[in-house]
Number of protein chains: 2
Amino acid sequence: MDERKQRVLQAVVQDYIESAEPVGSRTIARRHDLGVSPATIRNEMADLEMLGYLEHIHTSSGRIPSSKGYRFYVDGLMQPMRLTDEEKAQIDLWYRARVKRIEEVFQETARLISHVTKNVALVLAPQMKKSAFRCLQFLPLDDRRSVAVLMTDAGFIENRIVAMPSGASFEDFQRMARVVNDCLTGCTLDAIPKAAYRKIRSEISDEDLYEAALDVINRALDDTDGRERLYLGGTREMLSQPEFRDVERVKEILLMLEEEQLLKEILSAHLGDGLRVTIGQENDYKGIQDCSIVTATYHLDGELLGTIAVLGPTRMEYGKAMSLLGYMNEHLSDVVRRLGWQG
Amino acid sequence: MDERKQRVLQAVVQDYIESAEPVGSRTIARRHDLGVSPATIRNEMADLEMLGYLEHIHTSSGRIPSSKGYRFYVDGLMQPMRLTDEEKAQIDLWYRARVKRIEEVFQETARLISHVTKNVALVLAPQMKKSAFRCLQFLPLDDRRSVAVLMTDAGFIENRIVAMPSGASFEDFQRMARVVNDCLTGCTLDAIPKAAYRKIRSEISDEDLYEAALDVINRALDDTDGRERLYLGGTREMLSQPEFRDVERVKEILLMLEEEQLLKEILSAHLGDGLRVTIGQENDYKGIQDCSIVTATYHLDGELLGTIAVLGPTRMEYGKAMSLLGYMNEHLSDVVRRLGWQG
DNA sequence: GTTAGCACTCAGGGGCGTCGAGTGCTAACC
DNA sequence: GGTTAGCACTCGACGCCCCTGAGTGCTAAC
């Protein structure tokens, strides 16, 4: 693929991303200074199509990029689009604001991403089980139940209603909490050493109480439990994309966006190092093979914490999405660090 | 308005609700046994239009009900549609399931309502400030901040990150929590007696600590704070309504549904006794004058707790929405009672 | 008061010609 | 041999027309 072909491909992709219309040879000749006539560009485009980088709806409609075409563009031709100062300012402003609850950080991150990219944003918060236990307390609910409040180092707080074994009093629960606090402080939740369990076991003589303690810990770990972990933003912004002009398509994608489990799987599949782009048919899941996903993972001290992503039509401003995710990434890692995530 | 007119009006409304197409005299003659010819029905329809119950897009299109027509229908003609046993079973099943967190109850209620009615469901949870204080605890976050966990009698739990005044230790905070717990137990949060404040004041000697205590209480009361209180469901179901065939309309309504404050105001305006229907132009807010809202409030011992609502096109199955809300209402009141709301 | 009959209206759909954007091919050009 | 101009061809979009079907309103007859 010689340089001129690359320039033509670049021109086609850029114009198509901008206009959402198939682009023709004359348009390119007019808008990009390639120094050749439309006829030559036509020839190049025919070649590019033969090579699989462009597609043709019908004879006489302009070309649109194929997944392969986008891939080549993203990997080599694209120039990363810098965020404007205004956009940066807007983001910085928000992150400097006082955070009231940790969930807000993720929700707002999703909102900001979708706002800037006009696409759906997905934010997968750090998994609770990856974080370090900080403390457990119980609040009394009624005579049979109490509420367990579990906090981890990242400032995550989980509530669970737990039934108290008959015969156990609230004081027993508080005693149990003290034991658990003593034994688990500093443990990462998905890797509680056996020794810790043994210690809890030995300090809690009552069998039922021990079971209750395990129950609390296990249910706190059960991430599929609540709907907390995945934050979505921009289902409305999405509608401004011409790809979603017809309601059927919108329904389809909204349906998919409700399948939280599926989304998590998709994000997990993309879990890679840093920025990653998956384009159209590269997606395993059939329903989004006309969409692309840009994902970024945020880390702390080498430990994977979570993922943020932009999901949109293949005709997406990859450069912008990538810069933005990179930028948000830093902020998120920073926030999580400030909140005292265990490094 | 004689009986035959009423029967014609009823027929028009029912058919229109079912088909979403303007209905003509012949259709009615065919599908409802009124014992008269289409011509007569035409005459009646002309009268009904004159009286303001029906509308006409143009000559030669069938009639559609006006807001006034729907109103008459809802107030007098409609037969309340019973829920099917299957629907009831589905609902009962869910409510019998083990509730993990109180928020789930409201979220799932919204989901169920939207699923059955194919419209948007709104659930306004009991206001925290109306509930009785149960207990306050602190969890340590870092050396400058801690997390306040406040629980009320309904099982609501609120977390807030609070800054600790310099000089105060976490132990001070725990001491403060004990004082607050002693003084406020049983108080309704929006009506904390002055005496309670005085008592707290006298028991907490440290000025900064007292301020911090007030801060926690006040911020917990601040309902606009989190996004917890209003639960939405069914933005996807909504799309199956033919009224939302064009994306512009969808965008409009989605935009509105994001304005949580606005929705709360609308719901509050509809706050009435039991079931209430607001139809089309009866709505104050311009953006939903082609929509109707059915609201129901749930109480306990005469005290208003919250509101559940169905929002959809004026062409809505009022009977079904009303029965459903009534049914969900009982369940909700029941759940809240079980969770020990202070009567 | 009810109904049949008739003229009229309007939206929707199919057929048709036009226009414009675009391609592919060929022959000429440098 | 690569580049370009020219030309025939294709196809979607648009506007137009006409037809059809559903529906009304009016009038006259029952």
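The model shown is predicted, which means the values in this text are computed figures rather than measured ones.

**So, the protein's contact with DNA strand D**
Alright, step 1. If you check the shell around DNA strand D, you find 20 residues, and the closest are A:Arg4, A:Thr40, A:His58, A:Ser60 and B:Ser25.
Alright, step 2. Of all atoms in DNA strand D that approach within 4 Å of the protein, 77% are sugar or phosphate atoms.
Alright, step 3. For DNA strand D, a phosphate oxygen lies 2.6 Å from a polar atom in the side chain of B:Ser25.
Alright, step 4. B:Thr27 is positioned with one of its side-chain polar atoms (N or O) 3.2 Å from a phosphate oxygen of DNA strand D.
Alright, step 5. Contributing elements (two or more residues each) for the surface near DNA strand D: helix H3 (38-50) of chain A together with helix H2 (25-31) and helix H3 (38-50) of chain B.

**Looking at the confidence of the model for chain A**
Alright, step 1. Scored by pLDDT, chain A has a mean of 85; 93% of the residues are at 70 or more.
Alright, step 2. Across chain A, the secondary-structure element scoring lowest on mean pLDDT is strand E6 (residues 157-163) of chain A, at 76, and the one scoring highest is helix H4 (residues 67-77) of chain A, at 95.

**Focus on the protein's contact with DNA strand C**
Alright, step 1. Around DNA strand C sit 20 residues, and of these A:Ser25, A:Arg42, B:Arg4, B:Thr40 and B:Ser60 come closest.
Alright, step 2. Counting only atoms of DNA strand C within 4 Å of the protein, the fraction found in sugar and phosphate groups is 77%.
Alright, step 3. Contacts to DNA strand C include A:Ser25, whose side-chain N or O atom sits 2.6 Å from a phosphate oxygen.
Alright, step 4. Between DNA strand C and B:Ser37, the relevant distance is 3.2 Å, taken from a phosphate oxygen to a main-chain nitrogen or oxygen of the residue.
Alright, step 5. Of all elements in the fold, only helix H2 (25-31) and H3 of chain A together with H3 of chain B reach the threshold of two or more residues within the surface near DNA strand C.
Alright, step 6. The greatest single-element share of the surface near DNA strand C, amounting to four residues, is contributed by H3(B).
Alright, step 7. Its residues assigned to classes, the surface near DNA strand C shows three nonpolar, 13 polar and four charged.

**Some remarks on helix H12 (residues 318-338) of chain B**
Note: α-helices contain 3.6 residues per turn, so residues at a spacing of three or four share the same orientation.
Alright, step 1. Counted at 1.5 Å a residue, the expected span for H12(B) with its 21 residues is 30 Å, and the 30 Å between its end C-alpha atoms agrees.
Alright, step 2. In terms of burial, H12(B) is a largely internal element, 15 of the 21 residues being buried.

**As for the pattern of salt bridges**
Alright, step 1. The tally for this structure, following the rule as stated, stands at 41 salt bridges over all chains.
Alright, step 2. Note that A:Arg236 is salt-bridged to B:Glu258, the shortest N-O span being 3.2 Å. With one member in each of two chains, A:Arg236 in helix H10 (residues 235-238) and B:Glu258 in helix H10 (residues 247-258) form a pair that bridges those chains.
Alright, step 3. Its relative accessible area of 21% is what places A:Arg236 among the partly exposed residues.

**Focus on the packing of aromatic side chains**
Alright, step 1. One pass over the full model with this rule turns up 10 aromatic pairs over all chains.
Alright, step 2. Taking 5.8 Å as the distance between ring centres and 55° as the angle between the ring planes, the aromatic pair formed by A:Tyr70 and A:Tyr318 counts as tilted. Taken as a pair, A:Tyr70 in helix H4 and A:Tyr318 in helix H13 (residues 318-338) lie far apart in primary sequence, 248 residues in all.
Alright, step 3. Judged by relative accessible area, which is 1%, A:Tyr318 ranks as buried.
Alright, step 4. The residue whose ring lies beneath B:Lys68 is B:Tyr53, and the NZ or CZ to ring-centre distance is 4.7 Å.
Alright, step 5. Lying over the aromatic face of B:Tyr210, B:Arg201 brings its terminal NZ or CZ to 4.7 Å of the ring centre.

**Focus: a nonpolar patch on the surface**
Alright, step 1. A cluster of nonpolar residues, A:Met1, A:Met50 and A:Leu51, forms a patch on the protein surface that exposes about 330 Å² of accessible area.
Alright, step 2. In this fold, A:Met50 is placed in helix H3.

**Some words on the packing of helix H1 (residues 3-19) of chain B against H3(B)**
Residue and element names in this part refer to chain B.
Alright, step 1. Remark: H1 packs on H3, axes separated minimally by 10 Å, with the N-to-C direction vectors making an angle of 90°. One finds that H1 runs roughly perpendicular with respect to H3. For the pair H1 and H3, the contacting residues are Arg 4, Lys 5, Val 8, Leu 9 and Val 12 in the first and Thr 40, Ile 41, Glu 44, Met 45, Asp 47 and Leu 48 in the second.

Cut-offs and rules
Residues numbered from 1 in each chain as written. Chains lettered and ligands numbered in written order. Predicted model: local features only at pLDDT ≥ 70, side-chain atom pairs only at ≥ 80, totals over all residues. Heavy atoms only, no water. Near = heavy atom within 4 Å. Polar contact = N/O pair within 3.5 Å; in protein donor to acceptor, adjacent residues only side chain to side chain. Helix = DSSP H or I, 4+ residues; strand = E, 2+ residues; numbered from the N terminus. pLDDT = per-residue confidence, 0-100. Nonpolar A, V, L, I, M, F, W, Y, C, P; charged D, E, K, R; others polar. Expected span 1.5 Å × (residues − 1). Buried < 20%, exposed > 50% of the residue type's maximum accessible area, 1.4 Å probe, protein only. Salt bridge = Lys/Arg side-chain N within 4 Å of Asp/Glu carboxyl O. Phe/Tyr/Trp six-rings, centres within 6.5 Å; stacked < 30°, edge-to-face > 60°. Lys NZ or Arg CZ within 6 Å of the ring centre and 35° of its normal. Patch = residues over 30% accessible without salt bridge, like charges linked within 9 Å, V, L, I, M, F, W, Y side chains within 5 Å. Areas by Shrake-Rupley, 256 points an atom, 1.4 Å probe, with all protein chains shown as cover. Axes fitted to C-alpha atoms, helices over the stretch in contact; angles between N-to-C directions. Parallel < 35°, antiparallel > 145°, perpendicular 65-115°, else oblique. Contact = heavy atoms within 4.5 Å.

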